[in-house]
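Structural overview
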Amino acid sequence: MRKIHKWVGLLIGLQFVLWLASGLVMSLLDHDRVQGHQYRAHSDEPRPWPEEALPMGAVVMDGRGQVQRVSSAWLLERPVYQAYDGQKTRLSDAMTGATIDIDAALASQLAKASYAGPGKEQAPRLLERTMEVRDHEGRLWRVDFQDAEDTTVYLSAETGEVLEHRNRTWRLFDVFWMLHIMDYTGRKNFNNPLVITAGIGGLWLALTGIWLLVASFRVNEFIPKRWRSTRELAVFSPDGSALRTMDAATGDTVFVALARNGLQLPSNCGGGQSCGLCEVRFRGKAPAATSADREHLSESKVKMGYRLACNLVVDQDLEVEVVGGAGLWTEREATVESAVAVTPFLREIVLKPDTAPGPDYQPGAYLQIHIPDYSMARQNIVHPEHHKSDWAELDLPDTLSNKEAVRRSYSLSLPVGKTGGRLSLLARFSPGRQNRKRHPPGKGSTYLYSLKPGDRVRFSGPLGDFAIKPGGNEKVFIGGGAGMAPLRSMIHACLEGGAKERVHYWYGARNLREAPYVDEMSALAAKYANFSWHLVLSEEAECGAGLLRGMVHEVAHDVLLRDHPNLHACDFYLCGPPPMLVATRQLLQRMEVPESRVAFDDFKV
């Protein structure tokens, strides 16, 4: 319901913006200009009907069809009768009885008589119909005048009656009127299906919004913690060993209860149910999974009792398992050894921890870097000379700041055994939204990009369950962006650990300039016969052998997966930007690859 409400809200919200903007514009436009009064001649005073005019009956009842309606009028200085026979109107001279045809010359005279502006008239044009006089049935004359408003006079081709004066201001008004009433074809039906649908959608949005508002509130949130009863919350590590038992206030979520007791679960959204990092496993009969649980956790994990801690309410004594175990309580420190730009917006940061890393620092694991509050000048971010043109295109504020401490997750990009106990991270700089409504750059990436050798860093971890599956199954790695980090670490561990099975790595980047470790991966492919490396560029590929163009998951499908003889026996490892990850997972689902064969790390954004 929340997801449907969000998307319907977006659609209705856009229409509300159009309603507001169009109504505002229409109210600001000058009414007299819209109506064409600016250059319209004033009507003459009513004149008496001539006594010598022929009787109406003698003129119209001449055997030329049955007349349904007759009226008298003036055509310039000439009195006329208008006789309507149910299909068209016949115009007759009231003095002579002669039929009058509205030709181009007469239409031009009538238009000039109706016009009081400085413009010169153009040749009349006979039209069958026009949207500018949409209520008129039948042919009509159009006479344009060359003035500042591009005035057009429309006249009936049957009676010579001046129908409308249209101009540039009216045409602008008409566009916003169309947007306002949502009648994009006729521009006159205020009760058209689109506007009715939008109205119903707005009503539905309001009702579901009220329902979601009520459903999102928990009564206990409005009761001070000291007035609420307490429950016992027991925390276990994944191996079943007890870590800690604590008191938790009824109504708190597990995420909040743990934080009150000094255990900060991994989270990039602060417990807002949008990142999925704070997963815990419920011991016993798990409560029904919510939409947030199903969105961020795989179906197999949901069946195993995993839930989001920020969505799990303490309403009884609970026992939960936390991924990472005691490591979540432990804060460690390290010294920055190096910070090297491997692409314009990917930087390798190597940390030397104060204590030697243990066996739990497995390829695929990530660290929670503690980001302090800071305020720094833009110049604190130093980048190589050959990357300055890339950074010059970013519209970054002069001062970069973070007002409160947060934690951000970064994966190990090499096995610690290969780095001599160092922790190698790969961070992508997040510039924020680069448009008129500018969003600030990422708090974590800004901090990491300001680090220099010798700086001190605090972190927790390692954490995560993204790891190499046991067994010698053929492995397919598909990644992009900073997803290079955990996949690179896993590939090094596999190849240098003596793996004999086939290992494929498909990596997507926009262009060669944004692809990290290309030479390193090519060297691994040359050294290990069972390893193949495929760089896929979404933009126009530079000249060179081995470069493929397209979306990485589509190219992997066309070259390898589509004709693979035993795809269901392969293990897949995915990591990269959310759109790439979603598209790749959907591709594997369509190819009926079992979920148990697919491991992924989605950056939790």
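Right, let's walk through the structure included here. Starting from 1, residues in each chain are numbered consecutively following that chain's sequence as written. The predicted origin of the model limits local features to residues at a pLDDT of at least 70 and limits the giving and counting of side-chain atom pairs to 80 or more, whereas totals for whole chains, interfaces and linings rest on all residues. For side-chain calculations, the full set of non-hydrogen atoms in the structure is used, while hydrogens and water are omitted.

**Considerations on unusual backbone geometry**
A cis amide bond links Gly 461 to the next residue, Pro 462, at an omega of 10°. Phi at Asp 150 takes a positive value of approximately 50°, unusual for a residue other than glycine. Strands are runs of DSSP state E lasting at least 2 residues, helices are runs of H or I lasting at least 4, and numbering of each runs from the N terminus. Assignment of secondary structure puts Asp 150 in the loop between β6 (140-146) and β7 (152-156). At Met 182, a position not held by glycine, the phi torsion is positive, near 65°. Secondary-structure assignment places Met 182 in the loop between α5 (168-181) and α6 (193-216).

**Notes on a nonpolar patch on the surface**
A contiguous nonpolar surface patch, about 510 Å² in accessible area, is contributed by Leu 203, Leu 207, Ile 210, Leu 213 and Val 214. Residue placement: Val 214 occurs in helix α6. Overall, Val 214 belongs to the exposed group, its relative accessible area being 57%. In this scheme, patches are assembled from residues that exceed 30% relative accessible area and form no salt bridge. Like charges are connected within 9 Å, while nonpolar side chains (Val, Leu, Ile, Met, Phe, Trp, Tyr) are connected within 5 Å. With residues, only the protein chains shown are counted as cover, and all accessible areas are computed by Shrake-Rupley using a 1.4 Å probe. A pair is scored as a salt bridge if a Lys or Arg side-chain nitrogen falls within 4 Å of a carboxyl oxygen belonging to Asp or Glu. Exposed residues in this analysis have more than 50% of their type's maximum accessible area, buried residues have under 20%, and partly exposed residues fall in between, with area computed by a 1.4 Å probe over protein chains only.

**Points about the pairing of strand β16 (residues 366-371)**
Counting buried positions along β16 gives six out of six residues, so the element sits mostly inside the fold. The alternating pattern of β16 places Tyr 366, Gln 368 and His 370 on one face and Leu 367, Ile 369 and Ile 371 on the opposite face, and all of these are buried. At least two DSSP bridges between two strands are required for those strands to pair. As paired elements, β16 and strand β19 (residues 406-411) share six bridges and run antiparallel to each other. Paired with Leu 367 across the bridge in β19 is Tyr 410. The pairing of β16 with strand β21 (residues 456-463) spans three bridges and is classified as antiparallel. When the bridges of β21 are listed, Tyr 366 appears paired with Leu 463.

**Observations concerning the pattern of salt bridges**
Within the structure shown, the criterion is met by 32 salt bridges. A salt bridge links Arg 125 to Asp 144, with the nearest nitrogen and oxygen atoms 2.9 Å apart. Within this pair, whereas Arg 125 is found in strand β5 (residues 125-127), its partner Asp 144 is found in strand β6, the two being separated by 19 residues in sequence. Overall, Arg 125 belongs to the partly exposed group, its relative accessible area being 41%. For the salt bridge of Asp 174 with Arg 134, the shortest nitrogen-to-oxygen distance reads 2.8 Å. Remark: Arg 134 occurs in the loop between β5 and β6 and Asp 174 occurs in helix α5; sequence separation between them is 40 residues. Here Asp 174 matches Arg 134 in class, with each residue buried.

**Re helix α15 (residues 578-590)**
In an α-helix, one turn spans 3.6 residues, which is why side chains three or four residues apart end up on the same side. The end-to-end C-alpha separation of α15 is 18 Å, in line with the 18 Å expected for 13 residues at 1.5 Å each. Here, two residues are considered to be in contact whenever any of their heavy atoms come within 4.5 Å of each other. Of the surrounding secondary structure, the elements contacted by the buried residues of α15 are β22 (475-480), α14 (552-561), β26 (571-575) and β27 (598-601). Just downstream of α15 lies Glu 592, where phi reads positive at about 60°. Any helix carries an expected span of 1.5 Å times its number of residues minus one.

**A short note on the nonpolar core**
Burial of nonpolar side chains together is a common tendency in soluble globular proteins. Nine residue types can take part in a nonpolar core, namely buried Ala, Val, Leu, Ile, Met, Phe, Trp, Tyr and Cys, and a core is a set of them joined through side-chain atoms within 4.5 Å. Counting 30 residues, the largest nonpolar core has Leu 351 and Ile 369 as its most contacted members. If you list the elements that add at least two residues to this core, you get β14 (332-343), β15 (346-353), β16, β17 (374-377), β19, β20 (423-428), α11 (443-449) and β21. Other than its neighbours up to four places away in sequence, Leu 351 contacts Ala 334, Thr 335, Val 336, Ile 369, Arg 422, Leu 423, Leu 425 and Val 457. Counting residues in each nonpolar core, the second largest holds 27 residues, with Leu 426, Met 490, Leu 524 and Tyr 528 among its members.

**What about the state of the cysteines?**
Two cysteines joined by a covalent bond between their sulfur atoms form a disulfide. The disulfide criterion is simple: two cysteine sulfur atoms within 2.5 Å. A complete count under the given rule lists zero disulfides for this structure. Lacking any disulfide linkage, Cys 278 is separated from the closest cysteine sulfur, that of Cys 310, by 3.6 Å. With relative accessibility at 2%, the residue Cys 278 sits in the buried group. Note on Cys 494: no disulfide assigned, nearest cysteine sulfur contributed by Cys 570 at a separation of 13 Å.

**Observations regarding the environment of Leu 243**
Relative to the helices and strands, Leu 243 is located in strand β10 (residues 242-249). Leu 243 gets classed as partly exposed once you look at its relative accessible area, which sits at 28%. Sequence separation of Leu 243 and Glu 321 is 78 residues, and the distance between their C-alpha atoms is 9.2 Å.

**Regarding the environment of Val 17**
Looking at the element boundaries, Val 17 is found in helix α1 (residues 2-28). Val 17 gets classed as exposed once you look at its relative accessible area, which sits at 51%. Val 17 sits 163 residues away from His 180 along the chain, and the two C-alpha atoms are 10.0 Å apart.

**Examining the packing of aromatic side chains**
Centre distance within 6.5 Å is the pairing criterion for rings of Phe, Tyr and Trp, where only the six-membered ring of Trp is used; planes under 30 degrees apart are then read as stacked, over 60 as edge-to-face, and the remainder as tilted. For the coordinates displayed, the defined rule picks out 15 aromatic pairs. Measuring from centroid to centroid gives 5.9 Å for Tyr 39 and Tyr 115, while their planes differ by 65°, and the two rings are edge-to-face. Taken together, the residues span a long stretch of sequence, with Tyr 39 in the loop between α2 (31-35) and α3 (56-60) and Tyr 115 in the loop between α4 (104-114) and β4 (120-121) at a distance of 76 residues. Like Tyr 115, Tyr 39 is buried. Taking 6.2 Å as the distance between ring centres and 70° as the angle between the ring planes, the aromatic pair formed by Tyr 505 and Tyr 507 counts as edge-to-face. Both residues of the pair, Tyr 505 and Tyr 507, count as buried. Three or more aromatic residues link up through ring pairs in this structure, and these residues are Phe 477, Tyr 505, Tyr 507, Trp 533 and Tyr 573. Look at NZ for Lys and CZ for Arg. If either is within 6 Å of the ring centre and within 35 degrees of the ring normal, a charge sits over the ring. Between Arg 47 and the ring centre of Trp 74, over which it is positioned, the NZ or CZ distance is 4.5 Å. Its guanidinium or amino end placed over the ring of Tyr 517, Arg 488 lies 3.7 Å from that ring's centre, counting from NZ or CZ.

**Observations regarding the side chain of Ser 22**
Take Ser 22: it is sitting in helix α1. For Ser 22, a relative accessible area of 1% translates into the label buried. Ser 22 has contacts with Phe 176, Leu 179 and His 180, leaving out every residue within four places of it along the chain.

**As for the environment of Glu 539**
With respect to the helices and strands, Glu 539 occurs in the loop between β24 (531-537) and β25 (547-549). C-alpha separation for the pair Glu 539 and Arg 510, spaced 29 residues apart in sequence, amounts to 5.3 Å. Contact partners of Glu 539, with chain neighbours within four places excluded, come to Arg 510, Asn 511 and Arg 549.

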